[in-house]
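Chain by chain, the residues run as shown.
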Amino acid sequence: MASIKQLFFANLAQTTDFPLALEMERAEGVHIWDTNGKAYIDLISGISVSNIGHRHPKVVDAIKGQVDKYMHLLVYGEFIQSPQVLLANELSQALGSNLDNLFLVNSGSEAIEGAMKLAKRYTGRREFIAFDKAYHGSTQGALSIIGDEEFRRGYRPLLPGIRHIQFNDTAEFQHITENTAAVIVETVQGEAGYIPPHAGYLKALREKCDEVGALLILDEIQAGFGRTGSLFAFHTEDIHPDIVTLAKGMGGGMPIGAFASRKEIMDSLKENPILGHITTFGGHPVSAAAALASLQVIQEEELWKRPLEGEKLFRELLVHPLITEVRGRGFMLAVQLDTFERVQKVIEYCLEHGVITDWFLFNDTSLRLSPPLIITDDEIRRACEVIVEGIDRTV
Ligand code: PMP
């Protein structure tokens, strides 16, 4: 039996002998169709990307409208580009917490790099605290803070001064000191297998950061844009982060990311902008137009309300002696089984029967459920029927 990592790379290389190497032709809303015309219910949304569904008409219109005007101008903010300005304004208002300065980039990893550079510039400190089983991206800075030794091993030396602590354990706060530039934490842990913070945990973390003058960076790249029952997951935590990183669901299917902070903090990158962060395509006008349309859809249709109702239905229907836990919040749900072999068989059964699910990078005994926010009750019922049948077949 191939290991999870071999399967992952096989998928990336698109080998034809692996069952996941299907050729997809078209996607719309909650569905994807393969080249044989077979329809699949998408239960993963490209891992929190297609939050408002595939090819939302308002996003498609925004992209077309922008392509007809211009696609790319210059890099260093030489010209005002209205898609970027409009997006920054609406997004900073949506974030709240005085996160009124946004730096637009291309991806989640780049948002993390920017956030780490900003924390160094603002505090003058060099150390970071990150978490066991955290995922923050694949570039060298992001790799340094991800919480899995196997992923880091081949790339040493990575950034010095990084310490990983256990998530949800306040006893570990002793490692956060006056040398800590920032604590960087996913608001809901993603690749660990959808682990929400305990009640009051992030608030206690905020207090600890304040005590030692460290910044609190929240990674909302996977949890943001409506997935957990609020527009951003930190909105239900009664805390104000110093920096927030965004990407994935931000662009409604287009590549874009951002790091946001209060003006006072972001100003430290502006002293000499050339020495701040330079990115040729960051905040690409076409992606920015798509991101603005996507944000408006989530807000106007209050799509962030849907995951909490949907979660209840998933929990009601996902009952089986082999399911030991359905974990997570909203539409970040992990179905805990016992072995990777079983997870793999269930994924394959689901695929055969028109349902797309997935595993997690750092938890290979859970099944990932993160559907578009617009999934209907009937689609949830159909998907759960197939998942439960799939588990039955493995017995
Ligand atoms: N942070 C989190 C929480 C993520 O889930 C991811 C992507 N899975 C990233 C950062 C990195 O984003 P990207 O793949 O766009 O670089």
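Analysis parameters
Residues numbered from 1 in each chain as written. Predicted model: local features only at pLDDT ≥ 70, side-chain atom pairs only at ≥ 80, totals over all residues. Heavy atoms only, no water. Near = heavy atom within 4 Å. Polar contact = N/O pair within 3.5 Å; in protein donor to acceptor, adjacent residues only side chain to side chain. Areas by Shrake-Rupley, 256 points an atom, 1.4 Å probe, with all protein chains shown as cover. Nonpolar A, V, L, I, M, F, W, Y, C, P; charged D, E, K, R; others polar. Phe/Tyr/Trp six-rings, centres within 6.5 Å; stacked < 30°, edge-to-face > 60°. Helix = DSSP H or I, 4+ residues; strand = E, 2+ residues; numbered from the N terminus. Buried < 20%, exposed > 50% of the residue type's maximum accessible area, 1.4 Å probe, protein only. Lys NZ or Arg CZ within 6 Å of the ring centre and 35° of its normal. Expected span 1.5 Å × (residues − 1). Contact = heavy atoms within 4.5 Å. Pairing = 2+ DSSP bridges. Axes fitted to C-alpha atoms, helices over the stretch in contact; angles between N-to-C directions. Salt bridge = Lys/Arg side-chain N within 4 Å of Asp/Glu carboxyl O.

Novice: Please explain the site of the ligand as it appears in this structure.
Specialist: Close to the ligand lie Ser-107, Gly-108, Ser-109, Tyr-135, His-136, Gly-137, Glu-186, Asp-219, Ile-221, Gln-222 and Lys-248. Take Gly-108: an N or O atom from its main chain is 2.8 Å from an oxygen atom of the ligand. At a separation of 3.2 Å, a nitrogen atom of the ligand approaches a polar side-chain atom of Lys-248. A total of 390 Å² of accessible area belongs to the ligand in isolation, and the protein chains cover 82% of it. Considered class by class, the residues forming the shell around the ligand number two nonpolar, six polar and three charged.

Novice: Would you take a moment to explain the packing of aromatic side chains for this structure?
Specialist: Given two aromatic rings, their pairing is described by the distance between the two centres and the angle made by the two planes. Evaluated as defined, the whole model comprises 11 aromatic pairs. Judged by centre distance (4.8 Å) and plane angle (85°), the ring pair of Tyr-194 and Phe-360 falls under edge-to-face. Separated by 166 residues along the polypeptide, Tyr-194 in the loop between strand S7 (180-186) and helix H8 (201-212) and Phe-360 in strand S14 (residues 358-360) bring together distant segments of the chain. Judged by relative accessible area, Tyr-194 falls into the buried class, the value being 0%. Ring plane angle 80° and centroid distance 6.3 Å describe the contact between Phe-340 and Trp-359, whose orientation is recorded as edge-to-face. Within this pair, whereas Phe-340 is found in helix H12 (residues 340-352), its partner Trp-359 is found in strand S14, the two being separated by 19 residues in sequence. Of the two residues examined, Phe-340 and Trp-359, each falls in the buried class. Counting every residue linked through ring pairs, the aromatic cluster contains Phe-131, Phe-167, Phe-173 and Tyr-201. Of note, Arg-26 hangs over the ring of Trp-33, and the distance from its end group to the ring centre comes to 4.2 Å.

Novice: I'm lost on helix H4 (residues 82-95) in this one. Help?
Specialist: Residue pairs spaced three or four apart in an α-helix point in one direction, given the helix's 3.6 residues per turn. Here H4 contains 14 residues, and its C-alpha end-to-end distance of 20 Å stays within 8% of the 20 Å for a straight helix at 1.5 Å per residue. Looking at the packing, one finds that the buried side of H4 touches helix H3 (57-67), strand S4 (101-105), strand S9 (243-246), strand S10 (257-261) and helix H10 (285-300). One or two positions beyond H4, positive phi appears at Gly-96, with a value near 70°.

Novice: Quick question: what am I supposed to make of the sheet that holds strand S5 (residues 127-131) here?
Specialist: The strand order S4-S10-S9-S8-S7-S5-S6 describes an open sheet built from seven strands, whose pairing is mixed. The open sheet terminates on both sides in strands that have one partner only, identified here as S4 and strand S6 (162-165). Direction aside, the axes of adjacent strands within the sheet are offset by 20° on average. The strands touched by helix H5 (residues 108-123) within the sheet are S4, S5, S6, S7, strand S8 (215-219), S9 and S10, with S9 carrying the most contacts at an inclination of about 165°.

Novice: How should I be thinking about the pairing of S5 in this particular structure?
Specialist: The two faces of a sheet get side chains in turn, since along a regular strand they alternate between them. In terms of burial, S5 is largely enclosed, as four of its five residues are buried. Looking at chain direction, S5 and S7 are connected through three bridges and run parallel. Paired with Ile-129 across the bridge in S7 is Val-183. The pairing of S5 with S6 spans four bridges and is classified as parallel. Residue pairing across strands places Phe-131 opposite Ile-165, the latter belonging to S6.

Novice: Would you explain the pattern of salt bridges in this entry?
Specialist: Close approach of charged atoms allows side chains with opposite charge to pair. For the structure shown, the criterion picks out 24 salt bridges. In this structure, Arg-55 engages Glu-28 in a salt bridge whose closest nitrogen and oxygen atoms are separated by 3.3 Å. Of this pair, Arg-55 sits in the loop between helix H2 (45-48) and H3 while Glu-28 sits in strand S1 (residues 24-28), and the two are 27 residues apart along the sequence. Asp-267 serves as the salt-bridge partner of Lys-263, at 2.8 Å between the closest nitrogen and oxygen. Of the two residues, Lys-263 and Asp-267 both sit in helix H9 (residues 263-270), four residues apart, roughly one turn of that helix. Its relative accessible area of 44% is what places Lys-263 among the partly exposed residues. Each of Arg-206, Asp-210, Asp-242, Arg-262 and Glu-264 takes part in one network of salt bridges that share partners.

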